[in-house]
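In case you want the letters, here they are:
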Amino acid sequence: MHEILLNVESKETRYAYLRYGQLHDLIVDRKKSRQITGNVYRGRVTNILHNIQSAFIDINEGENGFIHISDILENTKKFEEMFDMDFDLDYDISKMDASPKAKDISQLLKIDQPVLVQVVKEPIGTKGARLTSNISIAGRYLVMLPNNPHRGVSRKIEDKGSRDRLKKLIRSFEMPQDMGLICRTASAQATTDMLVEEANDLLNTWVSIVEKFHQTSSGTSLLFEESDLIKKAVMTCVDKKYDRLLTDDYSTYQRCKHVYQKYANEHPLKIEFYRDKSPMFERFNVEREIDRAVRRKIWLPSGGYLFFDRTEAMYTIDVNSGRSATPTSADVEETLVRINLEAAEEIARQLRLRNIGGLIICDFIDMRSRKNQRRVLERLKEAMKEDSAKCTILGMSEFGLVEMTRQRSRESLTQTIFTSCPYCIGSGLVKSHESVAVEIERSLKKLIQCQNQYALKLVTHPELHRYLESSDKAFLFKLATKANAHLEFTFNDSLHLNDYLFYSTLNGQKLDA
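Note that the structure is a prediction, hence the values are computed from the model and not measured. (Residues numbered from 1 in each chain as written. Predicted model: local features only at pLDDT ≥ 70, side-chain atom pairs only at ≥ 80, totals over all residues. Heavy atoms only, no water.)

Along helix α13 (residues 462-470), the positions that sit buried rather than exposed are P462, L464, H465 and L468. Angular distribution of buried residues about the axis of α13 spans 155 degrees; they occupy a single face of the element. Among the exposed residues of α13, those pointing more than 90 degrees away from its buried face are R466 and S470. On its buried side, α13 packs onto α12 (433-449), β23 (455-460), α14 (473-482) and β24 (486-491). (Buried < 20%, exposed > 50% of the residue type's maximum accessible area, 1.4 Å probe, protein only. Helix = DSSP H or I, 4+ residues; strand = E, 2+ residues; numbered from the N terminus. Arc of directions from axis to C-beta. Contact = heavy atoms within 4.5 Å.)

Another aspect to go through is the nonpolar core. The biggest cluster of nonpolar side chains holds 31 residues, and the ones touching the most others in it are L306, I347, F364 and L380. Secondary structure elements with two or more residues in this core: β18 (305-310), β19 (315-320), α9 (332-354), β20 (358-363), α10 (370-384), β21 (391-396) and β22 (401-406). Per element, the largest residue contribution to this core is nine residues, and it comes from α9. Look past the residues within four positions of L380 in its chain and what remains in contact with it is A344, I347, F364, I393, V402 and M404. Ranked by size, the runner-up nonpolar core spans 27 residues in total, among them Y141, L142, M144 and L195. (Core = buried A, V, L, I, M, F, W, Y, C linked by side-chain atoms within 4.5 Å.)

Neither face of strand β15 (residues 244-247) is left uncovered, since the one carrying R244 and L246 and the one carrying L245 and T247 both have all their residues buried. Both strand β1 (residues 2-8) and β15 contribute to a ladder of four bridges, which runs parallel. Within the sheet, the bridge partner assigned to L5 lies in β15 and is L246. As judged from the four bridges shared by β15 and strand β16 (residues 270-273), these two strands associate in the parallel manner. (Pairing = 2+ DSSP bridges.)

A sheet is described by the order of its strands in space; here four strands give the open sequence β24-β23-β25-β26, paired in mixed fashion. Two strands close off the open sheet at either side, each with one partner strand: β24 and β26 (510-511). Where β23 meets strand β25 (residues 500-504), five bridges bridge the pair, whose relative direction is antiparallel. Residue pairing in the sheet places T460 in a bridge with Y500 of β25. The strands touched by α13 within the sheet are β23 and β24, with β23 carrying the most contacts at an inclination of about 120 degrees. (Axes fitted to C-alpha atoms, helices over the stretch in contact; angles between N-to-C directions.)

Let us look at the pattern of salt bridges. This structure, assessed with the given rule, holds 29 salt bridges. Between E346 and R292 there is a salt bridge whose closest N-O contact spans 3.9 Å. Of this pair, E346 sits in helix α9 while R292 sits in helix α8 (residues 286-293), and the two are 54 residues apart along the sequence. By relative accessible area, which is 11% here, E346 ends up buried. One network of salt bridges, with partners in common, ties together E12, R14, R30 and E287. (Salt bridge = Lys/Arg side-chain N within 4 Å of Asp/Glu carboxyl O.)

What the rule picks out here adds up to zero disulfides. Unpaired in this structure, C237 has its nearest cysteine sulfur neighbour in C256, at a distance of 8.3 Å. C421 carries a free sulfur, and the closest cysteine sulfur to it, the one in C424, is 3.6 Å from it. (Disulfide = S-S within 2.5 Å.)

On the surface, a cluster of positive charge is made up of K121, K127, R310 and R408. Mapped onto the elements, K121 comes out in strand β8 (residues 114-121). (Patch = residues over 30% accessible without salt bridge, like charges linked within 9 Å, V, L, I, M, F, W, Y side chains within 5 Å. Areas by Shrake-Rupley, 256 points an atom, 1.4 Å probe, with all protein chains shown as cover. Lys, Arg positive; Asp, Glu negative; His and termini not counted. Charge placed at Lys NZ, Arg CZ, Asp CG, Glu CD.)

Taken residue by residue, the protein chain gives an average pLDDT of 87. The fraction at 70 or more is 93%. Mean pLDDT in the protein chain bottoms out at helix α2 (residues 93-98), which sits at 44, and peaks at β25, which reaches 95. Within the model, the stretch residues 87-100 combines pLDDT values under 50 with 21 contacts to residues more than four positions away or in other chains. (pLDDT = per-residue confidence, 0-100.)

Right, let's get into α9. A rise of 1.5 Å per residue sets the reference length of α9, with its 23 residues, at 33 Å; its end C-alpha atoms lie 32 Å apart and thus fit the reference within 8%. The buried fraction of α9 is high, at 17 of 23 residues. In the stretch just after α9, N355 is the one whose phi turns positive, near 55 degrees. (Expected span 1.5 Å × (residues − 1).)

On to the sheet that holds β16, then. Pairing within the open sheet is mixed, and its five strands lie in the order β3-β2-β1-β15-β16. Single-partner strands in this sheet number two, and they are β3 (22-30) and β16. The mean inter-strand angle of the sheet, taken between neighbouring strand axes irrespective of direction, is 15 degrees. Strands β1, β2 (12-19) and β3 of the sheet are contacted by α8, whose axis makes an angle of about 100 degrees with β2.

A word on the side chain of T132. Within the fold, T132 resides in strand β9 (residues 130-132). Overall, the relative accessible area of 4% leaves T132 in the buried class. Within the structure, the side chain of T132 is placed 3.0 Å from the backbone nitrogen of N134, a separation counted as a polar contact. The residues contacting T132, other than those within four sequence positions of it, are I67, D71, L116, V117, Q118 and V120. (Polar contact = N/O pair within 3.5 Å; in protein donor to acceptor, adjacent residues only side chain to side chain.)

Rendered as structure tokens:
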């Protein structure tokens, strides 16, 4: 059974896709930081960076958006990668793309110039949204490219007859010659009338965007908003033939039914309102899976486990044999392969749930046989096919390492739920009491010998104070007495565990050691 659960709260909407009771995908949408990918804005150029041929654009969404010259000039290759499709061209595209690349961004943009831009990548942390002026308006079956004349069909439509029919059809559409169209995967099941109707809707949307752009005399504004999570959930259920959509919010339930009315003839979808008293995500074990997805350690059914670690440059995933049954010498290799195969499937699932993007290194348990290495790599590639984010997986090295990239579309689950710890500044580490005691000793010597301070009071955190009482207090007192200085000890629970302060007992001033 395939179903989508929608949990709606005052500040958050959560989307969970369950396949036979197991959580396979998760989206957490906060109202304060809603998803803006696909939105079209009238922006204002605030800064131009000539050295990297880029500009910052104010779109009134927090941090200024960022645009590179390659996203201003028409770029066919980027469209092919973005929509995973081929364009059928009657000319050499390399000749078209060669000449504009010599342009300088200052020839295209000026400070305070109003620009029409679209968000292609969510703002993450302190980084603003990634923008493009190559607008694309996505429908259910088609994508309109108002500034690009190319017309093509998705590579995922493999049937030659369907591809030829769609190519012929989109060439015959009565649309301006400078506008392009892309047939999405779902278009293979659509009738000619459905495609014509959607093409007209997309054209009307574009006309409306242009009118709003010219009507706005100054400032920035949102001209077109991409479908929200609720509508996307209904459309996903219809397109992928899911069995049920369940929500615990009555107004969302009503809206889902309203959106579904238009597509009721295409697929018999059950839309239900959850009425039980126990929370819906707890009832279906989604809450427990979310809790697992923010942990560093994930156990596998065989007894092995995964470690997820984030560095500035990449994510690393380490596969370990853990407490799996000790194999005999004859089947050691097969046991390790079984753990790696389990790990490959769980890694693909966790990447979706955690929404990890960027460079990822998977460290599988070493296997001697190249055949077994290929088995694990193929299982990983097969499991990653379910991912809607674009992924690139390289081969496995002799050390069992697999390098891969996953498209970063929005904040990860960890970034959405957590903030850096103000106590350890996000490192997860504080100095040991012994290390701080050594620093105190150095500071005490410096104050006496270099600053001639002989009346001192040491203030520490209560935990550190207790440690000094049991180990170093007598030594520090003796050290001060030997130098003809007087040292008092006290504590303050408002101090950081690693912080300590020295005061002069003569005038009460704080001393900098």
